[in-house]
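Take a look at the letters that make up each chain.
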Amino acid sequence: MSAAAIYIALGANLPEGGRTPQETLALALEALAGEDVSVVARSSDWSSPAWPDPCDPPYVNAVAEIGTGLSPRALLDLLHRVEARFGRERSRRNAPRTLDLDLIDYRGAVLKAEDGLEIPHPRATQRAFVLLPLQEIAPGWHDPVSGRSIDDLVEALPRGDRDAMSKLQTVPQKAP
């Protein structure tokens, strides 16, 4: 991990186009690769319970380190376009979804724009489904706002949130 790293979180809990959420995450990264984005590293896929309604299907989550020449705003817009391509509908907050792509950290920048762009992601440090996959590929990461290490942030999570997470598969950490 370097100060120039960009991290995105990926999540899905609904099938789309006959694909499982795991397949959707992989295809979303491929779609980004066709749009001036390169995948530098990718976490394993992790399972997390749906929230706020645990009766919804569980989520598949991952984090990827990417490289791009896109600005933060252009990257966020691209993430939203890819979500839409995979059937994402923005009905209500925390609703089940076919794909969720969040910009977690953009080269350590701290930015809160009036157009909805906030970096780092404002709730990333409170979410096991972001922090555990991020810790896997960026063990030296520090929150740009608080300066806290990833290990400290993971330790501060409620034990139940950490224990509810499970790895689905291990993937190579660095892209070829």
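Structure first, text after, so check above.
Residues numbered from 1 in each chain as written. Predicted model: local features only at pLDDT ≥ 70, side-chain atom pairs only at ≥ 80, totals over all residues. Heavy atoms only, no water.

1. Here we look at the pattern of salt bridges
Reasoning step 1: Under the defined criterion, the tally for this structure stands at 9 salt bridges.
Reasoning step 2: Put simply, Glu16 and Arg19 hold a salt bridge, and the shortest N to O gap is 2.4 Å.
Reasoning step 3: What makes Arg19 partly exposed here is its relative accessible area of 25%.
Reasoning step 4: Arg42 serves as the salt-bridge partner of Asp45, at 2.9 Å between the closest nitrogen and oxygen. In this pair, the class of Asp45 matches that of Arg42, namely buried.
Reasoning step 5: By sharing partners, the salt bridges in this structure join Arg73, Asp77 and Asp115 into a single network. (Salt bridge = Lys/Arg side-chain N within 4 Å of Asp/Glu carboxyl O. Buried < 20%, exposed > 50% of the residue type's maximum accessible area, 1.4 Å probe, protein only.)

2. A closer look at helix α3 (residues 128-137)
Reasoning step 1: Among the 10 residues in α3, 8 count as buried, and that is most of the element.
Reasoning step 2: Along α3, the positions that sit buried rather than exposed are Ala128, Val130, Leu131, Leu132, Pro133, Leu134, Glu136 and Ile137. (Helix = DSSP H or I, 4+ residues; strand = E, 2+ residues; numbered from the N terminus.)

3. Side note on the nonpolar core
Reasoning step 1: Counting 26 residues, the largest nonpolar core has Ile8, Leu10, Leu32, Leu75, Val82 and Leu103 as its most contacted members.
Reasoning step 2: Those elements giving two or more residues to this core turn out to be β1 (6-12), α1 (21-33), β4 (59-68), α2 (72-85) and β5 (100-106).
Reasoning step 3: One finds Ala124, Val130, Ile137 and Ala138 within the second-largest nonpolar core, a separate group that totals 21 residues. (Core = buried A, V, L, I, M, F, W, Y, C linked by side-chain atoms within 4.5 Å.)

4. Focus on unusual backbone geometry
Reasoning step 1: Residue Trp51 is joined to Pro52 through a cis peptide bond whose omega torsion reads 10°.
Reasoning step 2: Cis rather than trans, the peptide bond between Ile119 and Pro120 has omega equal to -5°.
Reasoning step 3: Among the structural elements, Pro120 can be located in the loop between β7 (118-119) and α3.
Reasoning step 4: Unusually for a residue other than glycine, Arg107 sits at a positive phi of about 55°.
Reasoning step 5: Of the residues examined, Arg107 reaches a relative accessible area of 35% and is grouped as partly exposed.

5. A short note on the packing of α1 against α2
Reasoning step 1: Packing of α1 against α2 brings their axes to within 10 Å, and their N-to-C directions diverge by 130°. In terms of orientation, α1 and α2 fall into the oblique class. Handedness of the crossing formed by α1 with α2: right-handed. Together, Ala28, Ala31 and Leu32 of α1 and Leu78, Leu79, Val82 and Arg85 of α2 make up the contact between the two elements.
Reasoning step 2: Within the contact of α1 with α2, the residues separate by chemical class into 6 nonpolar, no polar and 1 charged. (Axes fitted to C-alpha atoms, helices over the stretch in contact; angles between N-to-C directions. Parallel < 35°, antiparallel > 145°, perpendicular 65-115°, else oblique. Left-handed = near helix turned anticlockwise from the far one by under 90°. Contact = heavy atoms within 4.5 Å. Nonpolar A, V, L, I, M, F, W, Y, C, P; charged D, E, K, R; others polar.)

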